[in-house]
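Chains, contacts and geometry: an overview
Listed below are the residues making up each chain.
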Amino acid sequence: QQPVQSPQAVILREGEDAVINCSSSKALYSVHWYRQKHGEAPVFLMILLKGGEQKGHEKISASFNEKKQQSSLYLTASQLSYSGTYFCGTVSGAGSYQLTFGKGTKLSVIP
Amino acid sequence: SQTIHQWPATLVQPVGSPLSLECTVEGTSNPNLYWYRQAAGRGLQLLFYSVGIGQISSEVPQNLSASRPQDRQFILSSKKLLLSDSGFYLCAWSPQGDVRRNEQFFGPGTRLTVL
């Protein structure tokens, strides 16, 4: 089942902060975050695993609430380069090879 | 370093024509391979994944098929395209092993328009 992302879109001025949320109705093992710029391929940002382990870029901050099956991506002191669509992908269950992506959150950073 | 290639970059095809999209990965062995489709303004829909040569799993029943003739080659095909097949097709790879822990690396994509 597809995770739900919120907000669908957000506009920020440079230097402002934003939080993007991802929630699932299924028990999750991990949450993956990707950013896609218009016309380009998605780029990996971070993986948050059950149990607290994280893999990803040092400048990216995110959290994973295992009890609520929710994850949040924190974008602080935004830069123009942060613009793009952010996707969360979730993996549930042992032996799963499927990463199920949300519909995305479009972030626009303006000067 | 690992690289992933897709071709063609863009394709315009008439309804009912066949399709073949190719994806190759360099610099790694035994990768997991994936085909995704992204409709305009939509999320990423997993179409097929493969954990080894000749091993293909389909996530969405449709008129598309996939094959993995070599370890680092993944092909997406159709015998007869539909209008609804239009979209941005992305190939991705991840290291062999637990997908829950491994990031996926996406290719540059093929933009397919079916007229």
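Residues numbered from 1 in each chain as written. Chains lettered and ligands numbered in written order. Predicted model: local features only at pLDDT ≥ 70, side-chain atom pairs only at ≥ 80, totals over all residues. Heavy atoms only, no water.

Once that is clear, we can look at the packing of aromatic side chains. Per the counting criterion, the structure on display carries nine aromatic pairs over all chains. With a centroid separation of 5.6 Å and an interplanar angle of 85°, the aromatic rings of Tyr34 of chain A and Phe106 of chain B are classed as edge-to-face. Of the two residues, Tyr34 of chain A sits in strand β4 (residues 30-36) while Phe106 of chain B sits in strand β10 (residues 105-106), which places them in two different chains. Of the two residues, Tyr34 of chain A and Phe106 of chain B, neither departs from the other in class, the shared state being buried. Here the aromatic cluster, defined as three or more aromatic residues joined through ring pairs, consists of Tyr34, Phe44 and Phe101 of chain A together with Tyr34, Tyr36 and Phe106 of chain B. A cation sits over an aromatic face here: Arg111 of chain B above Phe88 of chain B, 4.3 Å from the ring centre. (Phe/Tyr/Trp six-rings, centres within 6.5 Å; stacked < 30°, edge-to-face > 60°. Helix = DSSP H or I, 4+ residues; strand = E, 2+ residues; numbered from the N terminus. Buried < 20%, exposed > 50% of the residue type's maximum accessible area, 1.4 Å probe, protein only. Lys NZ or Arg CZ within 6 Å of the ring centre and 35° of its normal.)

Of all hydrophobic cores here, the largest spans 21 residues; its most connected members are Trp33, Leu45, Leu73, Leu75, Tyr86 and Leu107 of chain A. Elements with a contribution of two residues or more to this core: β2 (9-13), β3 (18-23), β4, β5 (43-49), β7 (61-65), β8 (70-75), β9 (84-91) and β11 (105-110) of chain A. (Core = buried A, V, L, I, M, F, W, Y, C linked by side-chain atoms within 4.5 Å.)

Below, the discussion takes up the interface of chain A and chain B. Taken together, the contact between chain A and chain B spans 25 residues of the former and 24 residues of the latter. In total, chain A and chain B occlude about 2,100 Å² of area from one another, counting both sides; carbon and sulfur atoms represent 57% of this. Between chain A and chain B we count two salt bridges in total. The salt bridge involving Lys55 of chain A is made with Glu103 of chain B; its shortest N-O contact spans 3.3 Å. Inspection of the region where chain A meets chain B yields seven residue pairs in polar contact (both at pLDDT 80 or more). At the level of secondary structure, the elements contributing two or more residues to the side of chain A that touches chain B comprise β4, β5 and β9 of chain A. Of the residues in the side of chain A that touches chain B, the class split is 13 nonpolar, eight polar and four charged. (Contact = heavy atoms within 4.5 Å. Buried area = accessible area lost by both parts, 1.4 Å probe. Salt bridge = Lys/Arg side-chain N within 4 Å of Asp/Glu carboxyl O. Polar contact = N/O pair within 3.5 Å; in protein donor to acceptor, adjacent residues only side chain to side chain. Nonpolar A, V, L, I, M, F, W, Y, C, P; charged D, E, K, R; others polar.)

As a further point, take the sheet that holds strand β1 (residues 3-7) of chain B. Residue and element names in this part refer to chain B. Read across the open sheet, the four strands follow the order β1-β3-β8-β7; overall the sheet is antiparallel. In this open sheet, the two edge strands, each paired with only one partner strand, are β1 and β7 (64-70). This sheet shows a mean twist of 20° between the axes of neighbouring strands, independent of strand direction. Two strands pair when backbone bridges link them, and β1 and strand β3 (residues 19-26) are joined in this way by five bridges, in the antiparallel orientation. Residue pairing across strands places Trp7 opposite Glu22, the latter belonging to β3. (Pairing = 2+ DSSP bridges. Axes fitted to C-alpha atoms, helices over the stretch in contact; angles between N-to-C directions.)

Scanning all chains against the criterion turns up two disulfides over all chains. The side chain of Cys22 of chain A participates in a disulfide bridge whose partner is Cys88 of chain A; the two sulfur atoms lie 2.0 Å from each other. Taking the sign of the torsion about the S-S bond as the criterion, the disulfide between Cys22 of chain A and Cys88 of chain A, at about 70°, is right-handed. Highlighted residues: Cys22 of chain A in strand β3 and Cys88 of chain A in strand β9, separated in sequence by 66 residues. The disulfide bridge from Cys23 of chain B ends at Cys91 of chain B, spanning 2.0 Å between sulfur atoms. Negative torsions about the S-S bond denote left-handed disulfides, and the value of about -75° found for Cys23 of chain B with Cys91 of chain B makes this one left-handed. (Disulfide = S-S within 2.5 Å.)

Before going further, it helps to examine the side chain of Gln36 of chain A. Relative to the assigned elements, Gln36 of chain A resides in strand β4. Using a relative accessible area of 8% as the deciding quantity, one classes Gln36 of chain A as buried. In this structure the side chain of Gln36 of chain A is engaged in a polar contact, spanning 2.8 Å, whose partner is the backbone oxygen of Glu40 of chain A. Side chain to side chain, Gln36 of chain A and Gln38 of chain B meet in a polar contact 2.8 Å long. Excluding its chain neighbours within four sequence positions, the residues that come into contact with Gln36 of chain A are Ala41, Pro42, Gly84, Thr85 and Phe87 of chain A together with Gln38, Phe88 and Leu90 of chain B.

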